[in-house]
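Structural overview
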Amino acid sequence: MSQHLGDMGKTSCTIEIQAAFILSSFVTFFSGLLILFFSRLCWRALKKWANLFSHRRHLKRHHFHGVFRDRIEMLLSAQTFVGQVLVILVFVLSIGSLIIYFINSTDPVRSCSSYQDKTIPIDLTFNAFFSFYFGLRFLAADDKVKFWWQMNSIVDIFTIPPTFISYYLKSNWLGLRFLRALRLLELPQILQILRATRTSNSVKFSKLLAIVLSTWFTAAGFIHLVENSGDPWLKGRNSQNISYFESIYLVMATTSTVGFGDVVAKTALGRTFIMFFTLGILGVYDPPHVFLLPRFIVVCGNITVDSVAAFLRNFLRHKSGEINTEIVFLGEAPPSLELETIFKCYMAYTTFVSGSALKWEDLRRVAVESAEACLIIANPFCSDLHAEDTSNIMRVLSIKNYHPQTRVIIQILQSHNKVFLPKIPTWSWIGGDNIICFAELTLGFISQGCLVPGLCTFLTSLFVEQNRKISPKWPWQKYFFNGLKNKILTQRLSDDFAGMSFPEVSRLCFVKMHLLLIAIEQKPTVHGYCGLVLNPSAQVKLHKNTLGFFIAESAKEVRRAFFYCTSCHSDVHVPELIEECSCKHKSHRFTTGNCTSLFSSCCSLLWAQGSNEFDILALLHQSPKCSQANSLFSLFRTFPHEVQQDFSQLDSTGMFHWCKATALENVILKRSDKSKHEFQNHVVACIFGDAHSTLMGLRNFVMPLRASNYTRQELKDIVFIGSLDYLQREWRFLRNFPQIYILPGSALYSGDLHAVNIEECSMCAVLSSPSKSASSPTLADTDTIMATLAIGSLKIRCHTQTTSEGCNGYSEKSGYRRIPILTELKNPSNVHFIEQLGGMEGDLSGTSLHLSTSFATGTVFSGSFLDSLLATAFYNYHVLELLQMLVTGGISSQLEHHLDKDKFSGVPKSYSTILSGTTRCKLGLLSLNQTILSDIQPRKTFGQLFCGSLDSIGILCLGLYRMMDEEEQLISGFSYRFVIIRPANDFKLLPSDLVFCAIPFSTSCCKQNSSSSQLPCEIINLRQNQESYTLYPQTGK
């Protein structure tokens, strides 16, 4: 027998040789585990020593390791082409190593292959590559001990070390090489990368196939090993010669519970394994239940390709790399082919269940009572918005009736339908229930674009995730794309900031950490500060556990504001070196305070001033945490020299300008009376609706334009062009707002456009028509595109003193300019029509709306991204509160309740000392040369401008509105500006730049030596036919 084995290049393996192969794996595993535990203890001690003696050297070394690890993580995540190639290569080589095992398993188990066997060097090469890949994974792991216990790590530990033992012994043994079959579990991921699975059935089949094959091959390998080796305590006397194929046959027969008896296990180890293996197989399938991760959410309502894709992108982005929450989609119809493709791409996190949220048995199937939240998606493209809202409200009722404590986050299309949800007895703002209103946010974004050109794009970009890699064609696109990386993020601030003013903290974060702190969640004090505060004054002092709002690229960056330590980081000038230190133990509390105490603190101030119960109720707002947002985003501030506000002209909440109800006939304009209405610097809104159209809720468009943080003199006239039959239905919601006019007509006719003096408007907003059925999604925006064409064809001659620097949409060749326009699109893919109309076609053809030139210049908007706010509200409702504050001007459900009941009233005199909240910050656009910013020196870079403006005048700079490149202007024929969000600290400024700012209400932005400084000044719009394009006297109508 030995001679025969020798002829075949085989030698007999003694018990000692077999033990050497087995023990090499076990010794590697347990010794590595002990080393990791010991290293963790030493590392903690080393960090304490480094912080005491040489913390800077330690931080630099740690920073280098962090950057290196981040690059490895990106490589291993298969998000890049190189990473995908690496993952596929590892899988292919694992299959190759498994095939070599199948070949070698034909020989007796007790034999060892010599190096004359050509498969041995090949397998050695494979395992050398596996060692390299194991090292990369080890370096990228945050928790080394946890990594050591992962399945793929165990496979490598028990298969790679025997390879090096074989090199030393010059022979190889089968041993535990069958564990490489567990790599087959990665088959579904590989097929997804190769785009081989396109339907949910194919994905399910690939998962099932991978589980079955890996289980069978691994179990058969163990049976093959122990049956041919025998029980160790019997020294192999009860072994039997069984091939690997027979072992697979035995496992299959056992799995099917048939058991023919022709092949059986004879060893005690084999029989014990068979018993537990059979129990495990029988316990895998349990049909009555849906298997879920320990944490999961339920998503129902409008389950479509677009809504699901947007939701998943945003949901998974929040916790990238550490998702432990499963998403259960409860759909009332079978998923389409495209939707199945979405589910298979995210199969590790998603489960689709066919059923309805209106049926308790389906809610029971998905265990909604155990879900962290139930999210309801609305369909904004439906033909009947009211029916869509009512159906979703019924879903809320069903869920709340089934389990009142279930947290519900719902999308609502029409703002007036929001009032029904708080009336549900079990609805709980404190419990985390929340509402995302499409009409409120969409029209609010457009209103902000009318107040401040480009602001609509600026705010939208902070909530849109872009994972697509784009190669800029023009230099300006590089700046714009870099700005798109920034998002609104929140972080608890270090307790070392307690007692400092907001400008001091914001400046420190900007200079030392490269973080842009824009707002805080202020706790109530005796001065009445409570809620979210945008750019609070120096009188506001930070407390411990204050929540900060940042514009930054990643959550990892904003963690610096939490780790900052005055003792350890005061002399650190590299932001990446600001990490957690152990010089002292800080007790940071992550609670947001007691809602009851917040209510009491805010309300007691009003009772002290003699306010009635109805007035106090008006200060409460829809929020999961009561008064943090329920104070109508009460940005209560005190200024030494406040601009006087006539409180008798405000509504009962003090948040909006108010007037007595105006009759419709008093605001209707006639074309023949154009001379009587010489509008200037006004807002024109083009409406496409008829007597039978669903109401858009124009009140949501008007309210931000009538916010009380603008003085009465700063209000712009609003002129609606549209069907009188439609507008008179909306008028009952608008009649208490001042300076609103209606011209019956159509924006498709130039005569009506000239009748409202559109040449002199500050902005023309083209709003999408109310929902109506269309044969194609492209035709959903027909009216708005045609109106944009009609308005864009109007070319207005600029004054001789106007330059291309002052006009957005100015043609230096012809001396004409375009009318400033902001177009709303229901279908984002229709943006290419707007690109053609603006002469910008070809810049980024084939890209999404948020990568288009029209979006970069602030001339187009689409609310399609609002689907992603569901995930934002689930993870961090504070971000949603800030968005509502910035966009809507402080609208609340209670305020809408007043409006619906027509309970407008002047503010009592007792409010005059409390409602200094009307003097909250406003967003504006300032010139570097024509405004107060010209006094800031030096201001060559954005960092210098930020620090100078914040220190001297309390203005918080957020971004830039810059002229495009000259080459781009030559192609389009017109000059345009584009948005730059949060430029780098060393970003070079140009004299023509305009600056997005958060401006205190009391700050006059007129240049001190300006001759018009005595007049009210407009600071938030581009003047396109006057010499001063950013700062000019308010002339009104």
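Residues numbered from 1 in each chain as written. Predicted model: local features only at pLDDT ≥ 70, side-chain atom pairs only at ≥ 80, totals over all residues. Heavy atoms only, no water.

Digging into the sheet that holds strand S21 (residues 860-861)
To keep things clear, this is the line we draw: Paired strands are those between which DSSP finds at least two bridges. Put simply, DSSP marks the helices as runs of H or I at least four residues long and the strands as runs of E at least two long, and each gets a number from the N terminus on. Note on contacts: a residue pair is in contact if any heavy atoms of the two residues lie within 4.5 Å. Note on definitions: angles span 0 to 180 degrees between N-to-C directions of axes, and those axes are lines fitted to C-alpha atoms, for helices only across the stretch in contact.
One open sheet holds the six strands; their spatial order is S16-S15-S14-S17-S20-S21, and the pairing between them is parallel. Unpaired on one side and paired on the other, strand S16 (740-744) and S21 mark the two borders of the sheet. Taken strand by strand, helix H27 (residues 724-731) contacts strand S15 (718-722) and S16, and its axis lies near 155 degrees from that of S16.

A short note on the pattern of salt bridges
For the record, the criterion: Throughout this description, the term salt bridge denotes a Lys or Arg side-chain nitrogen within 4 Å of a carboxyl oxygen of Asp or Glu. Between buried and exposed lies partly exposed: a residue is buried under 20% and exposed over 50% of the maximum accessible area for its type, with that area taken using a 1.4 Å probe on protein chains only.
Applying the stated rule across the entire model yields 14 salt bridges. The shortest N-O distance in the salt bridge between Asp156 and Arg180 comes to 3.2 Å. Of the two residues, Asp156 is situated in helix H7 (residues 151-159) and Arg180 in the loop between strand S3 (171-172) and helix H9 (187-193); the sequence distance between them amounts to 24 residues. Across the salt bridge formed by Asp156 and Arg183, the nearest N and O atoms sit 3.4 Å from each other. Taken together, the residues span a long stretch of sequence, with Asp156 in helix H7 and Arg183 in the loop between S3 and H9 at a distance of 27 residues. Asp156 gets classed as buried once you look at its relative accessible area, which sits at 2%. Salt bridges sharing partners connect three or more residues here, namely Arg137, Asp156, Arg180, Arg183 and Glu186.

Looking at the packing of aromatic side chains
Rules: Only rings of Phe, Tyr and Trp enter the pairing, Trp through its six-membered ring, and a pair is recorded when the two centres are within 6.5 Å. The plane angle decides the type: under 30 degrees is stacked, over 60 is edge-to-face, the rest tilted.
Summed over all chains, the structure comprises 36 aromatic pairs. Seen from their ring centres, Phe679 and Tyr741 are 5.3 Å apart, and the 65 degrees between their planes marks the pair as edge-to-face. Taken together, the residues span a long stretch of sequence, with Phe679 in the loop between helix H25 (627-630) and strand S14 (683-686) and Tyr741 in strand S16 at a distance of 62 residues. Here Phe679 and Tyr741 have matching classes, each one buried.

What about a nonpolar patch on the surface?
Heads up, the condition is: Patches here: salt-bridge-free residues with over 30% relative accessible area, like charges joined within 9 Å, nonpolar side chains (Val, Leu, Ile, Met, Phe, Trp, Tyr) joined within 5 Å. Each accessible area value is a Shrake-Rupley result obtained with a 1.4 Å probe; residue values ignore everything except the protein chains displayed when judging cover.
A cluster of nonpolar side chains, contributed by Leu748, Tyr749, Met786 and Leu789, occupies part of the molecular surface with about 400 Å² of accessible area. In this structure, Tyr749 sits in the loop between S16 and helix H28 (750-755). By relative accessible area, Tyr749 is classed as exposed at 54%.

Some words on the sheet that holds strand S13 (residues 547-552)
The antiparallel open sheet is built from four strands, whose spatial order is S10-S13-S11-S12. Unpaired on one side and paired on the other, strand S10 (487-492) and strand S12 (531-534) mark the two borders of the sheet. For this sheet, the mean angle separating the axes of adjacent strands, direction not counted, is 30 degrees. Sheet topology note: the strand S11 (residues 516-522)/S13 ladder contains five bridges and is antiparallel. Within the sheet, the bridge partner assigned to Leu517 lies in S13 and is Phe550.

Observations regarding unusual backbone geometry
For the peptide bond that leads from Gln937 to Pro938, omega is -10 degrees, which places it in the cis range. Tracing the sequence through the fold places Pro938 in the loop between strand S22 (922-927) and helix H35 (942-952). Non-glycine residue His514 carries a positive phi angle of around 60 degrees. One non-glycine residue, Asn535, lies in positive phi territory at about 45 degrees. Inspection of the secondary structure assignment puts Asn535 in the loop between S12 and S13. Owing to a relative accessible area of 1%, Asn535 belongs among the buried residues under this scheme.

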